[in-house]
Amino acid sequence: MQGDNDGLASFWMPFTANRAYKAHPRQIVSASGMHYQSGDGRTILDGTAGLWCSNAGHCRTEIAAAMARAAATLDFAPTFQLGHPAAFELAQRLAALMPPGLDRIFFTNSGSESVDTALKIALAVQRARGQGTRTRLIGRERGYHGVGFGGISVGGIVGNRRAFALLPGADHLRHTHDPARNAFSRGFPPHGAELADDLQRLVDLHGAETIAAVIVEPMAGSTGVLLPPVGYLERLRAICDRNGILLIFDEVITAFGRVGAATAAQAWGVTPDILTMAKGLTNAAVPMGAVAVKRELHDAVIESAPGGIELAHGYTYSGHPLACAAGLAALDLYAREGLFERAAELAPYWEAAAHGLRGRRHIVDIRTIGLVAGMELEPRPDAPTARAMELFHRAFDAGLLVRATGDIIALSPPLIVEKAQIDQMFGMLGELLDTIA
Ligand code: PMP
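What counts, and at which threshold
- Residues numbered from 1 in each chain as written.
- Predicted model: local features only at pLDDT ≥ 70, side-chain atom pairs only at ≥ 80, totals over all residues.
- Helix = DSSP H or I, 4+ residues; strand = E, 2+ residues; numbered from the N terminus.
- Rg over C-alpha atoms; globule rule 2.2 N^0.38 Å.
- Buried ≥ 20, exposed ≤ 12 C-beta atoms within 10 Å, placed from the backbone.
- Pairing = 2+ DSSP bridges.
- Axes fitted to C-alpha atoms, helices over the stretch in contact; angles between N-to-C directions.
- Domains from an automatic or database assignment.
- Contact = placed C-beta atoms within 7 Å.
- Nonpolar A, V, L, I, M, F, W, Y, C, P; charged D, E, K, R; others polar.
- Expected span 1.5 Å × (residues − 1).
- Bend = angle between axes of the 7 residues up to and from the residue.
- Parallel < 35°, antiparallel > 145°, perpendicular 65-115°, else oblique.
- Left-handed = near helix turned anticlockwise from the far one by under 90°.

1. Focus on the overall build of the protein chain
Working step 1: Helix and strand content of the protein chain: 16 helices and 15 strands.
Working step 2: Relative to its length of 437 residues, the protein chain is compact, with a C-alpha radius of gyration of 22 Å against a globular reference of 22 Å.
Working step 3: Structurally, the protein chain occupies a C-alpha span of about 65 × 55 × 50 Å along its principal axes.
Working step 4: Buried positions account for 50% of the 437 residues belonging to the protein chain.

2. Notes on the sheet that holds strand E15 (residues 408-411)
Working step 1: The sheet built from four strands is open, its strands ordered E11-E12-E15-E14 with antiparallel pairing. Only two strands of the sheet have a single partner each, and these edge strands are strand E11 (363-369) and strand E14 (403-405). Averaged over all pairs of adjacent strands, the angle between their axes in this sheet comes to 20°, without regard to strand direction.
Working step 2: For strand E12 (residues 372-377) and E15, the ladder comprises four bridges, and the chain directions are antiparallel.

3. Here's the deal with the domain arrangement of the protein chain
Working step 1: Each domain of the protein chain was delimited in the assignment, giving domain 1 (18-56 + 338-433) and domain 2 (64-336).
Working step 2: Placing a centre on the C-alpha atoms of domain 1 and another on those of domain 2 gives a separation of 26 Å.
Working step 3: Taken together, the contact between domain 1 and domain 2 spans 30 residues of the former and 27 residues of the latter.
Working step 4: Of all elements in the fold, only helix H2 (49-52), helix H14 (339-355), E11, E12 and E15 reach the threshold of two or more residues within the side of domain 1 that touches domain 2.
Working step 5: Ranked by the residues each element gives to the side of domain 1 that touches domain 2, the list is headed by H14, at six residues.
Working step 6: Per-class residue counts for the side of domain 1 that touches domain 2 are 17 nonpolar, eight polar and five charged.

4. Here we look at H14
Since the α-helix turns once every 3.6 residues, residues separated by three or four places project in the same direction.
Working step 1: Along its 17 residues, H14 runs 23 Å from first to last C-alpha, staying within 8% of the 24 Å computed at 1.5 Å per residue.
Working step 2: The largest bend in H14 is about 45°, located at Ala347, with the proline Pro348 one to four residues further on.

5. Quick notes on the pairing of strand E10 (residues 289-293)
Working step 1: Taken across its five residues, E10 has five buried, putting it largely inside the fold.
Working step 2: Because side chains alternate across E10, one face comprises the buried residues Gly289, Val291 and Val293, and the other comprises Ala290 and Ala292, equally buried.
Working step 3: Sheet topology note: the strand E4 (residues 104-108)/E10 ladder contains five bridges and is antiparallel. Within E10, the position partnered with Arg104 by the bridge is Val293.
Working step 4: Bridge count between strand E9 (residues 274-277) and E10: four bridges; the pairing is antiparallel. The residue of E10 that forms the bridge with Thr276 is Val291.

6. Comments concerning the packing of helix H3 (residues 61-73) against helix H13 (residues 321-336)
Working step 1: Contact geometry of H3 with H13 gives a least axis separation of 8 Å together with a crossing angle of 150°. Looking at the two axes, H3 sits roughly antiparallel to H13. With respect to the hand of their crossing, H3 and H13 are arranged in right-handed fashion. On H13, the residues that touch Glu62, Ile63, Ala66, Met67, Arg69, Ala70 and Ala71 of H3 are Pro321, Leu322, Ala325, Ala326, Leu328, Ala329, Ala330, Asp332 and Leu333.
Working step 2: Classifying every residue of the contact of H3 with H13 gives 13 nonpolar, no polar and three charged.

7. Let's talk about the sheet that holds E4
Working step 1: The seven strands are arranged E4-E10-E9-E8-E7-E5-E6 in an open sheet whose pairing can be described as mixed. Every other strand in the sheet has two partners, leaving E4 and strand E6 (171-173) as the edge strands with one partner each. Neighbour to neighbour, the strand axes of the sheet diverge by 20° on average, direction disregarded.
Working step 2: Here three bridges tie strand E5 (residues 136-140) to E6, and the two strands are oriented parallel to one another. Paired with Ile138 across the two strands is Asp171, which belongs to E6.
Working step 3: Lying over the sheet, helix H5 (residues 111-128) contacts E4, E5, strand E7 (211-216), strand E8 (246-250), E9 and E10, oriented at roughly 25° with respect to E10.
Working step 4: Sitting on the sheet, helix H10 (residues 232-243) touches E7 and E8, and the angle it makes with E8 is about 145°.

Structure below.
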């Protein structure tokens, strides 16, 4: 401790109002299953699986044991010009879990790295196909694709973009959030498939020969659980096919069971060309991400550089042994406990519980899919976003972790959640809504 004597000053916290946090710190000191323990000794029900990532619940002993074994036998091995068995095994296991055809796996260490890797692979594929003029990357308003320069550039969060969006040629589809037409609809909202035609408008505007790829979250998580309108993803897929554009699904949140299948692509029947993942890949026990690529796209890149390094890209920790061990153990757990299926089975109960809050103070929309919910609050005219933040604080103090984003409260519990805990979450939120300004 130097200078400030509160012990909190040195850590420059990410995506945090540091001054406000440090004036009223709230800390987590341990975790188990569905719960966190706070620094002041309280038990907190985890309504968000950490940051949408601890899908099998916290501190699973099988994962901890696998990581401990790896740390004691092979703490690190390069995957540049070398390899180790767990990396090959995990790639093979992931390939089997992905939508059909996406069976080539590149390892990263985070969602942000997965996104930047996917964008680079898209450019490499287009170049390998003799389409080197295709350099433009298309994202979507209110998209979140992490914090790499590529991800920020295709991302659609205005504050992030203003500060850092540097990639030339990025453009955006409109977002699909339309509460005027879709509020309180159940499952996919009925209106808005035509918004996918924005991609055709960008093709008409810029020329297909300039566009490499479009990246979307099948369900936008971080900006408030925005679900794809009925038919939207299919329409995007068709426009990509007609125009030689690669479709990238950013499944950093949706992969590994969140929407009731291994991926949203499989749950919803639309197959991208490239798929990013992270978070649930290791149950968040250690950082890891990955990118799944259609085999023929991978092969085009490999064949484009016979004898040389085909993709000039990689991380020291691509396929880190501890992460691979955690990933293999997490996939075993997901399968053994049937957690993806469990999410699908619980989804109707979850939806009914969430919609039970309809009519409560401040609530202007409720959206759910799988085991995700977004509850939109009417913004306070004097202080937009303050209402959700107040609810977040009150919930934490009452023993429930939720996520506040804008004026939306997002819930995404571990997939081991019990019905009684679902009732507890929405019951607490209902009561707390009456207490906020
Ligand atoms: N893409 C999506 C869809 C995400 O939700 C996130 C994180 N919430 C990221 C990318 C970035 O992941 P990370 O924070 O691991 O870099």
